[in-house]
Amino acid sequence: MTKFLRISNSYHLGRDNNNCYQLYNKVKGKSYVVTFKLYTILKLFYNEPNTIENVRNEFRKLNIEINDFLSFVRKDQFRDLLVEVVEVKDYSGFDNIFSCSDRKGPTLSRVDFFITKHCNLCCKHCFEGSAPTFKTKAISRKEINNLMEQLKIANIQTLKITGGEPFTHPNIKHVLKAVMDAHFETIILTNATLIDDESISMIKSANIQLGISLDGITSETHDYIRGKGAFDKTITVLHKLSKERIRFAITCSVTSKNWEQLTDIADFVFNKINAEVLYLNRIRPMGRARQSSVVMSDKENQELSMIMTNLKRIYKDKIVLSDDSKIVCKSNSDIIHCAAGNTLLAIDENFDVYPCVYGIGNSHYKIGNILVDGVGKVWESSQWDIFRGQTKLSDLLDCRDCTFNKTCIMKNCRLKPIFEGRSFYSSISYCNKNIDNV
């Protein structure tokens, strides 16, 4: 009996902006570069089932053998790559095997889904200003399924669900169920206080990764930022996730109240709950942090640098300082280039499309609606041109004459200045030049 096979949902197959073809194992978080020939053959098993006999016969008509493909799928690390499909409906053969990710031009790799601005907490540093006072817009199962179909057409590698707090959304479990059959990986950013046992089971079944906020090793420090009782709830859930071996990373927003605890936080994160990565997020004076005392002083930042040096020595790449002022630009090009519009887009709870989360709600930067217009039309819009090479360093009012402009990565971010109430061509308030002039 002929076996119909398809690529397991644990794998994503696609092309990056450097025209490299990759097979990505979202369970292990590991990428493999493949040849165009191997990519083409694998594509025949990607969205629909196929048989090795059919594929071999089609390629033999072109005088091409597929022995290299057979050797590849028999390797130990790819034993789970192809799975048998028992019931096959409407087999379509070899038509329409290329998605919009195979087209020339920028490749959409990640979609950030800003599912709600509602949050059960009211954190002192939240740049979005999320809070319990915001209402949540209901999303139907049909809309969720239509979104999944658009993401399938785009063949994205990563869906990142954020907010607000995603687990306050009444339809979040419909979303968890919908991503179970997807090739793309799903990451949910959460404070973890509302994750129940049913959600944990669904997260595990769907191989969903979590990014969880932990801002202290004690309730005193964590709850100072996030509110009374948050620490105990988060810690309880973290232990459950660790027991279930669910993949998660921890994000610690480093503030004037918790920087002295970072060594203890790292020990807990890696040795007690087995997180994969610890992101140390340096708080910037944006959103509610503008009116808060959580932003660190220059002296505290110097202390943080020394602590980071010691932590990196112990944990190496498992600990990351998220600080755009410390990232050095490695390109000598005068073209302003951001991930927004090149590998990334963001959608809000209405499914309206924006370049990134910093543009959400700004009508000037709305680029269609993913359900109404479709991802293909949205991604081909000329509105992306200002993010795809049209903007030059000479256009940036504050950056073009700055002594840091060749090394500063922040010049490439055009929507943070907008978010701060500045212009598209202005600098970010906390860039090296502006800090030096204070």
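That block above? That's the structure.
Below: a short report on this structure. (Residues numbered from 1 in each chain as written. Predicted model: local features only at pLDDT ≥ 70, side-chain atom pairs only at ≥ 80, totals over all residues. Heavy atoms only, no water.)

Let's talk about the overall build of the chain
Reasoning step 1: Within the chain, the regular secondary structure consists of 13 helices and 16 strands.
Reasoning step 2: Against the 2.2 N^0.38 benchmark of 22 Å for 438 residues, the chain shows a C-alpha radius of gyration of 23 Å, consistent with a compact globule.
Reasoning step 3: Considered along the principal axes of its C-alpha atoms, the chain spans approximately 70 × 50 × 45 Å.
Reasoning step 4: A burial count over the chain gives 53% of its 438 residues as buried.
Reasoning step 5: Carbon together with sulfur atoms contributes 49% to the accessible area of the chain, which is approximately 21,300 Å² in total.
Reasoning step 6: The chain carries 60 positive and 50 negative side-chain charges, and their two centres are separated by 1 Å. (Helix = DSSP H or I, 4+ residues; strand = E, 2+ residues; numbered from the N terminus. Rg over C-alpha atoms; globule rule 2.2 N^0.38 Å. Buried < 20%, exposed > 50% of the residue type's maximum accessible area, 1.4 Å probe, protein only. Areas by Shrake-Rupley, 256 points an atom, 1.4 Å probe, with all protein chains shown as cover. Lys, Arg positive; Asp, Glu negative; His and termini not counted. Charge placed at Lys NZ, Arg CZ, Asp CG, Glu CD.)

Things to note about the nonpolar core
Reasoning step 1: If you look at the biggest cluster of nonpolar residues, it comprises 87 residues, and the most contacted ones within it are Leu159, Ile250 and Leu278.
Reasoning step 2: Counting residues per element, this core draws most heavily on helix H9 (residues 262-271), at six residues.
Reasoning step 3: Sequence-distant contacts of Leu159, that is, excluding residues within four places in its chain, are made with Val111, Phe113, Met148, Leu151, Val179, Phe184, Glu185, Thr186 and Ile187.
Reasoning step 4: Leu5, Ile7, Leu70 and Leu82 belong to the second-largest nonpolar core, a separate cluster that totals 25 residues. (Core = buried A, V, L, I, M, F, W, Y, C linked by side-chain atoms within 4.5 Å. Contact = heavy atoms within 4.5 Å.)

Points about the pattern of salt bridges
Reasoning step 1: On inspection of all chains with the given rule, the structure shows 16 salt bridges.
Reasoning step 2: The residue Arg247 makes a salt bridge to Glu276 at a minimum N-O spacing of 2.8 Å. With Arg247 in the loop between helix H8 (230-243) and strand E10 (248-254) and Glu276 in the loop between H9 and strand E11 (278-282), this residue pair connects regions lying 29 residues apart in the sequence.
Reasoning step 3: Ionic contacts of the salt-bridge type, sharing partners, join the residues Lys173, Asp196 and Glu198 into one network. (Salt bridge = Lys/Arg side-chain N within 4 Å of Asp/Glu carboxyl O.)

Describing the sheet that holds strand E4 (residues 30-34)
Reasoning step 1: Read from one edge to the other, the open sheet built from three strands follows the order E2-E3-E4, with strand pairing classed as antiparallel. Looking along the sheet, the strands with just one partner apiece sit at the ends: strand E2 (11-15) and E4. Geometrically, the sheet is characterised by an average inter-axis angle of 25° between neighbouring strands, direction not taken into account.
Reasoning step 2: Relative to strand E3 (residues 21-25), E2 runs antiparallel, the two being bridged by five bridges. Each bridged residue has a counterpart across the sheet, and for Gly14 the counterpart in E3 is Gln22.
Reasoning step 3: Against the sheet, helix H1 (residues 36-43) contacts E2, E3 and E4, and its axis sits at roughly 130° relative to E2. (Pairing = 2+ DSSP bridges. Axes fitted to C-alpha atoms, helices over the stretch in contact; angles between N-to-C directions.)

Observations concerning the environment of Asn301
Reasoning step 1: With respect to the secondary-structure elements, Asn301 resides in helix H10 (residues 298-315).
Reasoning step 2: Measuring from C-alpha to C-alpha, the distance between Asn301 and Ser382 comes to 41 Å, with 81 residues separating the pair along the chain.
Reasoning step 3: Beyond its immediate sequence surroundings of up to four residues, Asn301 is in contact with Arg282 and Met296.
Reasoning step 4: Of the polar contacts made by the side chain of Asn301, one reaches the side chain of Arg282; its length is 3.2 Å. (Polar contact = N/O pair within 3.5 Å; in protein donor to acceptor, adjacent residues only side chain to side chain.)

A word on the sheet that holds E11
Reasoning step 1: Taken together, nine strands build an open sheet; the order of strands is E12-E11-E10-E9-E8-E7-E6-E14-E15 and the sheet is mixed. With partners counted over all chains shown, the strands left at the sheet margins are strand E12 (319-322) and strand E15 (353-354), one partner each.
Reasoning step 2: Pairing analysis gives four bridges linking strand E6 (residues 110-116) to strand E14 (residues 344-347), with the strands arranged parallel. By the bridge assignment for E14, Phe113 is matched with Ile347.
Reasoning step 3: Across the sheet, H8 lies against strand E9 (209-213) and E10, angled at about 155° from E9, the strand it touches most.
Reasoning step 4: Running at roughly 150° to E11, H9 makes contact with E10, E11 and E12 of the sheet.

Here we look at the packing of helix H7 (residues 219-226) against H8
Reasoning step 1: Two numbers describe how H7 lies on H8: the axes approach to 8 Å, and their chain directions differ by 110°. Taken together, the axes of H7 and H8 lie roughly perpendicular to each other. Together, Ser219, His222, Asp223 and Arg226 of H7 and Ala230, Phe231 and Thr234 of H8 make up the contact between the two elements.
Reasoning step 2: Here the contact of H7 with H8 is composed, by residue class, of two nonpolar, three polar and two charged. (Parallel < 35°, antiparallel > 145°, perpendicular 65-115°, else oblique. Nonpolar A, V, L, I, M, F, W, Y, C, P; charged D, E, K, R; others polar.)

Re the packing of aromatic side chains
Reasoning step 1: Scanning the entire structure with this criterion turns up 16 aromatic pairs.
Reasoning step 2: Measuring from centroid to centroid gives 5.5 Å for Trp379 and Trp384, while their planes differ by 55°, and the two rings are tilted.
Reasoning step 3: The exposure class of Trp384 is buried, given its relative accessible area of 0%.
Reasoning step 4: Among the aromatic residues, those joined into a cluster by ring pairs are Tyr365, Trp379, Trp384, Phe387, Phe424 and Tyr425.
Reasoning step 5: Its guanidinium or amino end placed over the ring of Tyr224, Lys124 lies 4.4 Å from that ring's centre, counting from NZ or CZ.
Reasoning step 6: For the cation-ring pair, Arg388 lies above Trp379, with the distance from its terminal atom to the ring centre recorded as 4.6 Å. (Phe/Tyr/Trp six-rings, centres within 6.5 Å; stacked < 30°, edge-to-face > 60°. Lys NZ or Arg CZ within 6 Å of the ring centre and 35° of its normal.)

Thoughts on the environment of Ile208
Reasoning step 1: The topology assignment puts Ile208 in the loop between helix H6 (197-205) and E9.
Reasoning step 2: Sequence separation of Ile208 and Ile187 is 21 residues, and the distance between their C-alpha atoms is 5.9 Å.
Reasoning step 3: Apart from the residues within four sequence positions on either side, Ile208 is in contact with Leu176, Val179, Thr186, Ile188, Ile203, Ile246 and Arg247.

Side note on H7
For an α-helix, 3.6 residues make a turn, and residues three or four places apart therefore share a direction.
Reasoning step 1: Restricting attention to buried positions, one finds in H7 the residues Thr221, His222, Asp223, Ile225 and Arg226.
Reasoning step 2: Each element contacted by the buried residues of H7 is listed here: E9, H8 and E10.
Reasoning step 3: Gly227 sits one or two residues past H7 and shows a positive phi near 110°.

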